[in-house]
Protein chains: 4
Amino acid sequence: MEYFTSDYLEGCHPKVLEALTRTNLEQTPGYGLDPHCEAAAAMIRKRFQCPGAAVHFLTGGTQANLTVIASILQPYEGVLCADTAHINTHETGAIEATGHKVLTLPGRDGIILGSQVSIAAALQGDWEHTVRPGMVYISMSTELGTIYDLSTLSDLYHVCQDNGLYLYIDGARLGAGLMSPICDIQPEELAGLCDVFTVGGTKNGALFGEAVVIVNPALQKRFRYMMKQRGGLLAKGRLLGVQFEALMQDDLYFTIAKHAVDQAMLIRDALLEQEIPLYVDASTNQLFPVLTDDQLEAIEEDFVLETWERVDEKSTAVRICTSWATRPESVQHLIETIRKL
Amino acid sequence: MEYFTSDYLEGCHPKVLEALTRTNLEQTPGYGLDPHCEAAAAMIRKRFQCPGAAVHFLTGGTQANLTVIASILQPYEGVLCADTAHINTHETGAIEATGHKVLTLPGRDGIILGSQVSIAAALQGDWEHTVRPGMVYISMSTELGTIYDLSTLSDLYHVCQDNGLYLYIDGARLGAGLMSPICDIQPEELAGLCDVFTVGGTKNGALFGEAVVIVNPALQKRFRYMMKQRGGLLAKGRLLGVQFEALMQDDLYFTIAKHAVDQAMLIRDALLEQEIPLYVDASTNQLFPVLTDDQLEAIEEDFVLETWERVDEKSTAVRICTSWATRPESVQHLIETIRKL
Amino acid sequence: MEYFTSDYLEGCHPKVLEALTRTNLEQTPGYGLDPHCEAAAAMIRKRFQCPGAAVHFLTGGTQANLTVIASILQPYEGVLCADTAHINTHETGAIEATGHKVLTLPGRDGIILGSQVSIAAALQGDWEHTVRPGMVYISMSTELGTIYDLSTLSDLYHVCQDNGLYLYIDGARLGAGLMSPICDIQPEELAGLCDVFTVGGTKNGALFGEAVVIVNPALQKRFRYMMKQRGGLLAKGRLLGVQFEALMQDDLYFTIAKHAVDQAMLIRDALLEQEIPLYVDASTNQLFPVLTDDQLEAIEEDFVLETWERVDEKSTAVRICTSWATRPESVQHLIETIRKL
Amino acid sequence: MEYFTSDYLEGCHPKVLEALTRTNLEQTPGYGLDPHCEAAAAMIRKRFQCPGAAVHFLTGGTQANLTVIASILQPYEGVLCADTAHINTHETGAIEATGHKVLTLPGRDGIILGSQVSIAAALQGDWEHTVRPGMVYISMSTELGTIYDLSTLSDLYHVCQDNGLYLYIDGARLGAGLMSPICDIQPEELAGLCDVFTVGGTKNGALFGEAVVIVNPALQKRFRYMMKQRGGLLAKGRLLGVQFEALMQDDLYFTIAKHAVDQAMLIRDALLEQEIPLYVDASTNQLFPVLTDDQLEAIEEDFVLETWERVDEKSTAVRICTSWATRPESVQHLIETIRKL
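What counts and how
- Position labels on residues start from 1 in each chain and follow its written sequence.
- Throughout, the order in which chains and ligands are written sets their labels, letters from A for the former and numbers from 1 for the latter.
- For a predicted model such as this one, the threshold for reporting local features is a pLDDT of at least 70, and the threshold for listing and counting side-chain atom pairs is 80 or more; totals across whole chains, interfaces and linings nevertheless cover every residue.
- Each axis is a line fitted through C-alpha atoms, and for a helix only the stretch in contact is used; angles between axes span 0 to 180 degrees, taken between their N-to-C directions.
- Only runs of H or I of at least four residues qualify as helices and only runs of E of at least two qualify as strands under DSSP, and these elements are numbered from the N terminus.
- Roughly parallel covers angles under 35 degrees, roughly antiparallel covers those over 145, roughly perpendicular covers 65 to 115, and oblique covers all other angles.
- Left-handed describes a crossing in which the near helix is turned anticlockwise from the far one by less than a right angle; the clockwise case is right-handed.
- Note on contacts: each residue gets a C-beta atom placed from the backbone, and two residues are in contact if those atoms are within 7 Å.
- Residue polarity follows a fixed list, in which Ala, Val, Leu, Ile, Met, Phe, Trp, Tyr, Cys and Pro are nonpolar, Asp, Glu, Lys and Arg are charged, and the others, Gly among them, are polar.
- DSSP-based pairing: two strands are paired if at least 2 bridges between them are found.
- Exposed residues have 12 or fewer other C-beta atoms within 10 Å of their own C-beta, buried residues have 20 or more, and residues in between are partly exposed; the C-beta atoms are placed from the backbone.
- Domain borders in the structure are assigned automatically or taken from a domain database.
- In plain words, the nonpolar core is the set of buried Ala, Val, Leu, Ile, Met, Phe, Trp, Tyr and Cys residues that C-beta atoms within 7 Å link up.

Draft legend 1. Focus on the packing of helix H5 (residues 114–124) of chain A against helix H6 (residues 150–162) of chain A. Residues and elements named next belong to chain A. Between H5 and H6, the shortest axis-to-axis distance is 8 Å and the interhelical angle comes to 15°. Classified by the angle their axes make, H5 and H6 are roughly parallel. As H5 runs across H6, the sense of the crossing is right-handed. Here Gly114, Val117 and Ser118 of H5 lie close against H6, whose contacting residues are Asp155, Leu156, His158, Val159 and Cys160. Of the residues contributing to the contact of H5 with H6, the split by class is four nonpolar, three polar and one charged.

Draft legend 2. Just the sheet that holds strand E4 (residues 102–105) of chain B, in detail. Residues and elements named next belong to chain B. Strand order in the open sheet formed by seven strands is E2-E8-E7-E6-E5-E3-E4, and the pairing between neighbours is mixed. With partners counted over all chains shown, the strands left at the sheet margins are strand E2 (54–58) and E4, one partner each. Put simply, the sheet's adjacent strands are angled 25° from each other on average, direction ignored. Across five bridges, strand E7 (residues 196–200) lies against strand E8 (residues 210–214) in antiparallel orientation.

Draft legend 3. Spatial organisation of helix H11 (residues 238–248) of chain B. Residue and element names in this part refer to chain B. Burial analysis of H11 places 11 of its 11 residues in the buried class, which makes it a mostly covered element. Residues of H11 that are buried: Arg238, Leu239, Leu240, Gly241, Val242, Gln243, Phe244, Glu245, Ala246, Leu247 and Met248. Each element contacted by the buried residues of H11 is listed here: helix H1 (14–22), helix H2 (35–47), E2, E8 and helix H12 (252–273). Two residues or fewer past H11, Asp250 is found with a positive phi of approximately 55°.

Draft legend 4. The interface of chain D and chain C, seen in detail. Counting from both sides, the interface comprises 39 residues of chain D and, opposite them, 39 residues of chain C. The set of elements that each furnish at least two residues to the side of chain D that touches chain C consists of helix H1 (14–22), helix H3 (61–72) and helix H9 (223–229) of chain D. Residues that form the side of chain D that touches chain C fall into these classes: 16 nonpolar, 18 polar and five charged.

Draft legend 5. Region of interest: the environment of Val213(C). Looking at the element boundaries, Val213(C) is found in strand E8 (residues 210–214). The class for Val213(C) is buried, based on 25 C-beta atoms found within 10 Å.

Draft legend 6. Representation of the domain arrangement of chain A within the structure. All names here are of chain A. In terms of domain boundaries, chain A breaks down into domain 1 (2–7 + 255–339) and domain 2 (14–252). The straight-line distance from the C-alpha centre of domain 1 to that of domain 2 is 27 Å. The interface of domain 1 with domain 2 comprises 18 residues on the first partner and 19 residues on the second. Listing elements by their share of the side of domain 1 that touches domain 2, those giving two or more residues are helix H11 (252–273) and strand E10 (286–292). Among the elements that take part in the side of domain 1 that touches domain 2, H11 stands out by supplying seven residues, more than any other. Across the side of domain 1 that touches domain 2, the residue classes break down as 10 nonpolar, six polar and two charged.

Draft legend 7. How the structure looks around the nonpolar core. Residues Val213(A), Val213(B), Val213(C) and Val213(D) are the most contacted members of the largest nonpolar core, which totals 480 residues. The contacts of Val213(A), once residues within four sequence positions are left out, are Ile44(A), Phe48(A), Cys50(A), Ala53(A), Val55(A), Ala191(A), Val196(A), Phe197(A), Thr198(A) and Val199(A).

Draft legend 8. Spatial organisation of the interface of chain B and chain A. Contacts between the two partners involve 39 residues from chain B and, on the opposite side, 39 residues from chain A. At the level of secondary structure, the elements contributing two or more residues to the side of chain B that touches chain A comprise H1, helix H3 (61–72), helix H5 (94–97) and helix H10 (223–229) of chain B. Residue composition of the side of chain B that touches chain A, by class: 16 nonpolar, 18 polar and five charged.

Following this line, the structure appears as structure tokens:
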């Protein structure tokens, strides 16, 4: 059986493993105050062209989200996001556990617009009986494999700035988002389009690790206190530095993300050729075809996919997920299987 | 320069690294639901003779402490511990951030007694104007390198049981504690002496990782929800399973902990020979000699130690810390330097 | 100008004031441990036929909601409710500030059904990546002036019981709800239809005060700790006891609630006579007519109403609210004004 | 039996009751946005000479403390206070429930000094492994009936300002503190000696109510959101305004506080005459004599006192508490009883 169920099935990219092995017996100070973290932060600041950004490393996505959001909001403030946002659906109330309400807006394929945020901010009207929106959370790529284009994101960020809201981009799948064939945002533009973003390692080549890039100086103060308090300050913090050094070296991060997306696009072509409908028309490393029961059964002889949602009496939306580790021969095998449907 | 500043200076034990490398390209389900976590849990249950225990893996000590404690206490309850307890002094209010008060008792070299807990429980008297003690937190070995002996721990646990309090043992340095030459508790006895304990990997051979062993069935329910909500459910959870498999294999965990303690005891002998006073008479992998400024200066020519506390006008308590990675030749070098003081 | 903007415009019913005056110089123990609280609790237990219930008194509705909900839920659990529920819309994230997610279901005129709860519970499926529903919150009457009928409420409670969910009824406007002409639930039946309910005094005759009636013995333990911790244990707690004694005496609570509803029903008849559409067809002490700008202007010459929502370019839904203190002559005046529209 | 157990045994001062009765049927907007709250706030600003202060009204002391403290601190900050502070001992972890650690300093009769705060701030040293002190909490008068003199308080406030710490004075017993015969602080000086203080009504003439006076403009923003979220925004907020109007009228607040203190001082004289030792030498409306079992038995024939602490095998520290409502004839009776001991 070949697995297309998620993008965290394997360990790490060989170059990352090599770096961990090479540095294993080095002695360094703990808690991220080591040369590797320093170097990795510098590489990230350079690649994303944000020389004044504060860069910190956390082990996982939920941890990054709750730490960033709790560090930004006042106690009576909440975070606006799409109803499908990871923080709303799949983090077991991690944000609420820090005391803050998640304020949802209906997403269109996982995407929210500046106009929606604008209305939400106006409705609050600084009235103390309701939660004050303090920031906006989006993901890039989204939980549905879609992406923000430059115009939509620029507009959203302007609305945020006009309304005193901070914009945070969850980049758990940032690589796949920026490497989408339809993406018109360059990595070096991202820092100018938000206040904080993350560069996700877990789903793109690392054993684990998310880099938190705090672009806005107003949000940089004492973030390490938040990391420690929330259980996210890794003792051997250099493990995160070493991994991100390897990922940023020679743009490996984006090279392998592009591989994942390219493989997915090949599968997408095969699905469309077969006129298989798409639940969402994603353009990254996640695909959501709607398969009939017969089709699904045929595919499941050789492949494991993730069930997403039962669509009607005889068809199901499934998720097909590729990654840096997806082998082209597996993809060819899957494509052939699709063509036979 | 040679470092004796902490027990998390290096990466992981070579056998752990070998296991991570060997399994790197395996495909497994995420979030700890994989064969490696299952196997590691079984090995831990067997070694500590607690067949009914629930075993979970988290990445760090503060994370383990806050998740365990928040999972046990009612909202109006607090956790009793020594004033020197890690949760009271060095976790940036992580426990309070989950809503619970840390209730301190004066420790004697980091150790609290059943009699103290008994008095604290009696004083509360179920009066709703004060925080109700709901559990007791101790560490083994303690933050000061000392250990509980069997009689003290048994007594403490009985007092806890008599007063409806759960007992949690933070085992961030469990290996060193149990391998102390003066320890009269066997690993297989530990589970009978508490409700929950952790087996610390970070400071004893792993890249990172703490195994949470929930012995008491009443505390096992839905612990994974707590892990996820608090940001501690690692996506590639099998990394923790793989590491603990390697550590439990052939008792590696205790073999390397014994190495660390043995090296520390050699240094301790040298200190006592030189009649250098000890701030605390520790018997594990941490030593706390009180050095004069001259002595410290002499040692610091070749070694880096951790300053603990300025004791008087001309002397300082320092911490000397050994680990699985401490080289015997470094220790010999340090001993010779001490002998020349 | 005459005000129909809310049901908390005045102080308290004269009989309540008389009781406060009469008892003013009595000396009693604090924090609700006094004979008046005891007597009031007994009267409530008797009137609502729940001899085993624990009855506590808090000063306000948000305080009651957050204290009750935080006392019931496990840390990883949330509370299911209608999207229009007070805890979701008008409590500034008070529930989230205790760490819990509010899980919304689309209400039909403020009402949710057992079938919706059943689906929500099934969807969760005990999967640790999502918030576990731990209880259901409804209000009676609802924020939109509607009520649950016996069949709907019974069905909802059975679904709750079948799914391990507690049912909590926010009775901030319980009097008006039970006195609605279309209500088929008797006060003495209520305790059999939920686990916890409140009897709201603030909006029905008291200066302030909500009685929390914990019917389910499993939820009664140490509730006073929760009250104290959340700032709700009133020092001169007997003030709440004295007021509820007066309200329960000779069924004053329901007599004055009926007055409020009766006055509203007279206004409702006038609105329907004039063929003025209703935003929601409420049957308690709140009405939500949709008025054209001209109609609104005419009414606002003599009356102050509360704007609810702009409905279209030329009409607005407003709220007309009556109370125990609404004078029949004011109502007649309003009716005449409506008839002239 | 006559009660000297607390200063909240009775309802309210007759003038307060008269004001509540007189205004009972007025119609006002809710939530403190009414003319009475506005007028009371103006009277407080004038009396305490702080024209720029924001004044809000809450119902109780624990509620005031938790709302003020949670509004000031960053998530990783804690509040410094004496070990005997009410927030540390008698609020069931209300501060911790908002996520913040209470950082205690050993008090001398309930009082902490600038020098202690200075050391605590230096020890933290902006190190993210420990809770950062963000503010200092003191009470005036203290839980032990003692008071800060001008020099001690000035020094403390300067230390706070020098260390970036806010100073909050819990004035639950502010009247008694400022009316102490040994107090050298004038009411009009208080606002210059702290950032926030409260004027306690519950223990000095009101049915309930604490005025929160936020002197420092940096702390005034959106405090009403905090009040609402924490369950403290009273629906009929004007009840608080009406009461504080009555208390501030003709300086009633201080006149009745002086009565309470004067009565206590008469009792204190009698105790000293009899050479009865004092557990703490308090100078406000609380006294803490140490009585032998025989003496206590004799007094308890006619009076109820509060047991404070068993001091040795045959004596007990008790609390004698006077208030605005204490009758001089009761005090004379008690004094005579003491003289007969």
